[in-house]
There are 2 protein chains.
Amino acid sequence: MKRPTIIDIAREVGVSKAAVSYALNGRAGVSPQTRERILDVAAAMGWRASSAARALSNDRAANIGIVLARSPEVLRTEPFFMQMLAGLEQTLSAEGFSLQLALAADTGTELDTYRRWWAERRVDGVVLTDLRVSDPRPELLRELGTPAVFFGTAGPMPGIPVLRADEDEAIRSAITHLAELGHRRIGHVQGPADLQHTVRRADALRRAVGETPGLSVHHASGDYTEEGGVRATRRLLSAPNPPTAVIYDNDVMAVATVVHAEELGVRVPADLSVLAWDDSMLCQVVRPAITAFAHSVVVDSATAARMLLELIETGSADDGELSPRKLMPRGSTAPAPGN
Amino acid sequence: MKRPTIIDIAREVGVSKAAVSYALNGRAGVSPQTRERILDVAAAMGWRASSAARALSNDRAANIGIVLARSPEVLRTEPFFMQMLAGLEQTLSAEGFSLQLALAADTGTELDTYRRWWAERRVDGVVLTDLRVSDPRPELLRELGTPAVFFGTAGPMPGIPVLRADEDEAIRSAITHLAELGHRRIGHVQGPADLQHTVRRADALRRAVGETPGLSVHHASGDYTEEGGVRATRRLLSAPNPPTAVIYDNDVMAVATVVHAEELGVRVPADLSVLAWDDSMLCQVVRPAITAFAHSVVVDSATAARMLLELIETGSADDGELSPRKLMPRGSTAPAPGN
């Protein structure tokens, strides 16, 4: 059977060639009824050539890529990425774009994925997050010429629009909250050491602690998992002068501490106050509920998607700001022992 | 600049045309080092024609599609779909396949997505879940000829390999557990009424309850959200002879009941036992922890991905079974009041 062209389909349906093109490419410009009819006829005629035609005509893939560079174990407990996917997809689907997803266990695999996606014109651009301390991704994407938006960086990035995160103010509000409750020795269970925001938050904590005489901060590195959070907390608590409050770089590690408090030999919040960086349903349902930073991953991800679509459309996009984090005091933070 | 061909790239790198083809299509057959070199050279030469070439030569898209047909609100709290994506991706990425993702607010949008993906050769096949009571998707996919695997059906499906879920045995173990604790009136807070497994579980519950004299079951429909779970529970508890134990069709609704027990005027488990269909970290961290059915969404999704790859490769795949659910008794189920 001869492969049908857009003209064949237009003739069969009795609409314009443009209407067929709109319908087949998922763009606005035809009514839902007409779109449905066109897609039905196109499918019945065995029409299959669109992505080929698109690629050869330098048209769009109508696809945005995101590589999730965490272990499957973290992915399936930490709500952050599902919120991010939901936010991206809400914006993208309204514009007729889809989301291309891959898991990458290491940076080499992640870089290969970007190369392959771009070489195959599988995506029109990518959203990145979790800037690493030494991160080869921005350079690769600049080399490839792949439009990219970076979610959650400290500052601007040459050639790549970013959504900036101002974490100093959030960290300062956490320290103020704990200092007002009489805490002097503050622990910090960090995320993976190769993530730039892990380093950034530790720096911001040291700065904020330095502004208040008599405070000290003690770091222990975690890995975003329950086990890692409990292990790091145990290390902090075994010090001669253990902290009376601990800030956790994600929700899962803070929740694990509350749940395993008895094994750790502490009562939360009587002996130990617990504060989580990422609020989520997990923080809200444990008892005591966990004081955490509310933030709108869904809203911010929708913003990132809009920036990327603008970049693809016009060749440039302005930097943006992540929505500010707001401290939600709950039962897990209380006056320091002896206060 | 002339568009480079695979032959140009092979000459430049000094390898065979086949090696270039393997590397560019993400297939086995070249060493990681060679693959990297080929991709670098191809990118530097501006090679972009692969998906066009693939589409025109009837080769693979190396892409599997999944449409998530739930509200963004449910998606970002319920861990089920993230576990599913993690399981699919683990298998797919090992085979050089990517995952194409879309959100669909309604069935019309979901059907359009399958039509468009297939018309554009964007995917080689799709994984479906949540069979609806009246579900137009299997027929559409058969019409289109799109390879598809259905996750979690009661029985076989013409032309579409399925992963069958035997829920009778799981439901029976829940009823036995509750009956042994002395519960006679059992509530059931259901998922959305248009999902076939909602109906199926209600039927299975009625059958299991019917096998034990003196038991009765009382249904209330929920929507998988916290608010919906609390509302449905309130309806059940306002009956003249309220149930002393409630089975919830997902984790989020069960957790919401435990967290809002005081507002609901009950103590869990003293007045009300709570049992959840889907185990997750949420069930494990609330107090009392929730008796729930453990099941391996990640493992089962990996199985679904393997079935779909086999179907794409060979044109057929056998039906499979979801791994059995195992009841994990925890603190939320206890002897019925007065027992």
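Calculation criteria
- Residues numbered from 1 in each chain as written.
- Chains lettered and ligands numbered in written order.
- Predicted model: local features only at pLDDT ≥ 70, side-chain atom pairs only at ≥ 80, totals over all residues.
- Heavy atoms only, no water.
- Helix = DSSP H or I, 4+ residues; strand = E, 2+ residues; numbered from the N terminus.
- Buried < 20%, exposed > 50% of the residue type's maximum accessible area, 1.4 Å probe, protein only.
- Contact = heavy atoms within 4.5 Å.
- Lys, Arg positive; Asp, Glu negative; His and termini not counted.
- Charge placed at Lys NZ, Arg CZ, Asp CG, Glu CD.
- Salt bridge = Lys/Arg side-chain N within 4 Å of Asp/Glu carboxyl O.
- Core = buried A, V, L, I, M, F, W, Y, C linked by side-chain atoms within 4.5 Å.
- Pairing = 2+ DSSP bridges.
- Axes fitted to C-alpha atoms, helices over the stretch in contact; angles between N-to-C directions.
- Domains from an automatic or database assignment.
- Buried area = accessible area lost by both parts, 1.4 Å probe.
- Polar contact = N/O pair within 3.5 Å; in protein donor to acceptor, adjacent residues only side chain to side chain.
- Nonpolar A, V, L, I, M, F, W, Y, C, P; charged D, E, K, R; others polar.
- Parallel < 35°, antiparallel > 145°, perpendicular 65-115°, else oblique.
- Expected span 1.5 Å × (residues − 1).
- Arc of directions from axis to C-beta.

Moving on to the overall build of chain A. Each helix and strand counted, chain A has 15 helices and 12 strands in total. Judged by the C-alpha coordinates and their principal axes, chain A covers about 85 × 40 × 30 Å. Counting across all 339 residues of chain A, residues that qualify as buried make up 60%. Sequence separation of at least 24 residues holds for 69% of the intrachain contacts in chain A that already meet a minimum separation of 6. One finds the centroid of the 36 positive side-chain charges in chain A at a distance of 3 Å from the centroid of its 42 negative side-chain charges.

With that out of the way, let us pick up the pattern of salt bridges. Applying the stated rule across the entire model yields 37 salt bridges over all chains. Notably, a salt bridge pairs arginine 115 of chain A with aspartate 40 of chain B, separated by 3.1 Å at the nearest N-O pair. On the criterion of chain membership, the pair formed by arginine 115 of chain A in helix 7 (residues 107-119) and aspartate 40 of chain B in helix 3 (residues 32-44) is interchain, its members lying in two chains. Judged by relative accessible area, arginine 115 of chain A falls into the buried class, the value being 9%. Overlapping salt bridges bring together Glu36 and Asp40 of chain A together with Asp112 and Arg115 of chain B as one network.

This part is about the nonpolar core. Val274 and Ile290 of chain A together with Val274 and Ile290 of chain B are the most contacted members of the largest nonpolar core, which totals 62 residues. With residues up to four places along the chain from it excluded, the contact list for isoleucine 290 of chain A reads Ala254, Val255, Val258, Val274, Leu275, Ala276, Cys283, Met328, Arg330 and Ser332 of chain A. Ranked by size, the runner-up nonpolar core spans 60 residues in total, among them Phe97 and Leu163 of chain A together with Ile312 and Leu322 of chain B.

All names here are of chain B. The strand order 7-6-8-9-10-12 describes an open sheet built from 6 strands, whose pairing is mixed. Across the chains shown, the open sheet's two edge strands, defined by having one partner strand only, are strand 7 (216-221) and strand 12 (326-328). Pairs of neighbouring strands in the sheet enclose a mean axial angle of 20°, with direction left out of account. Note that strand 9 (residues 273-276) and strand 10 (residues 291-294) share 2 bridges and pair parallel. Among the inter-strand pairings, alanine 276 is bridged to a residue of strand 10, identified as alanine 292. Lying over the sheet, helix 11 (residues 226-237) contacts strand 6 (185-190), strand 7 and strand 8 (245-248), oriented at roughly 140° with respect to strand 7. The strands that helix 12 (residues 251-259) touches are strand 6, strand 8 and strand 9; relative to strand 9, the one it contacts most, it runs at about 160°.

Residues and elements named next belong to chain A. Domain boundaries assigned for chain A yield domain 1 (6-56), domain 2 (63-165 + 297-324) and domain 3 (167-294). Relative to domain 3, the C-alpha centre of domain 2 lies at a distance of 28 Å. Taken over both partners, the interface formed by domain 2 and domain 3 buries close to 1,300 Å², and the fraction arising from carbon and sulfur atoms is 55%. Of all residues in domain 2, Glu78, Leu131 and Val133 bury the most surface against domain 3, accounting for 30% of the area lost on that side. Across the contact surface, domain 2 and domain 3 share 0 salt bridges. At the boundary of domain 2 with domain 3, the tally comes to 4 residue pairs in polar contact (both at pLDDT 80 or more). Secondary-structure elements contributing two or more residues to the side of domain 2 that touches domain 3 are helix 5 (72-77) and strand 4 (148-153). The element contributing the most residues to the side of domain 2 that touches domain 3 is helix 5, with 3 residues. In terms of residue class, the side of domain 2 that touches domain 3 is built from 7 nonpolar, 3 polar and 5 charged.

A separate point is the packing of helix 2 (residues 17-24) of chain B against helix 3 of chain B. The axes of two packed helices give the description: the angle between them and the distance between them. Residue and element names in this part refer to chain B. The contact between helix 2 and helix 3 brings their axes to 9 Å, and the two run at 85°. Our classification of the angle between helix 2 and helix 3 gives roughly perpendicular. Facing helix 2, whose interface residues are Ala19, Val20, Tyr22, Ala23 and Leu24, helix 3 presents Arg35, Ile38, Leu39 and Ala42. Here the contact of helix 2 with helix 3 is composed, by residue class, of 8 nonpolar, no polar and 1 charged.

Take the sheet that holds strand 5 (residues 162-164) of chain B next. Pairing between the strands of a sheet comes from backbone hydrogen bonds, and it takes one of two forms, parallel or antiparallel. Sheet architecture is open: 12 strands sit in the order 11(A)-5(A)-4(A)-3(A)-1(A)-2(A)-2(B)-1(B)-3(B)-4(B)-5(B)-11(B), paired in mixed fashion. Strands at the two margins of the open sheet, each flanked by one partner only, are strand 11 (320-321) of chain A together with strand 11 (320-321) of chain B. With 4 bridges connecting them, strand 3 (residues 125-129) of chain A and strand 4 of chain A associate as parallel partners. When the bridges of strand 4 of chain A are listed, leucine 128 of chain A appears paired with phenylalanine 150 of chain A. Across the sheet, helix 7 (residues 107-119) of chain B is in contact with strand 2 (98-103) of chain A together with strand 1 (63-68), strand 2 (98-103) and strand 3 (125-129) of chain B; its angle to strand 1 of chain B comes to roughly 170°. On the sheet, helix 15 (residues 297-314) of chain B packs against strand 1, strand 3, strand 4 (148-153), strand 5 and strand 11 of chain B and is oriented at approximately 150° with respect to strand 4 of chain B.

Now for helix 3 (residues 32-44) of chain A. Across its 13 residues, helix 3 of chain A extends 18 Å between first and last C-alpha, which sits within 8% of the 18 Å expected from 1.5 Å per residue. Within the span of helix 3 of chain A, buried status applies to Thr34, Arg35, Ile38, Leu39, Val41 and Ala42 of chain A. The buried residues of helix 3 of chain A all sit within an arc of 165° when viewed along its axis, so they share a single face. Facing away from the buried surface of helix 3 of chain A by more than 90 degrees, the exposed residues are Pro32, Gln33 and Ala44 of chain A. Tucked into the core, helix 3 of chain A has its buried residues touching helix 1 (6-13) and helix 2 (17-24) of chain A together with helix 7 of chain B.

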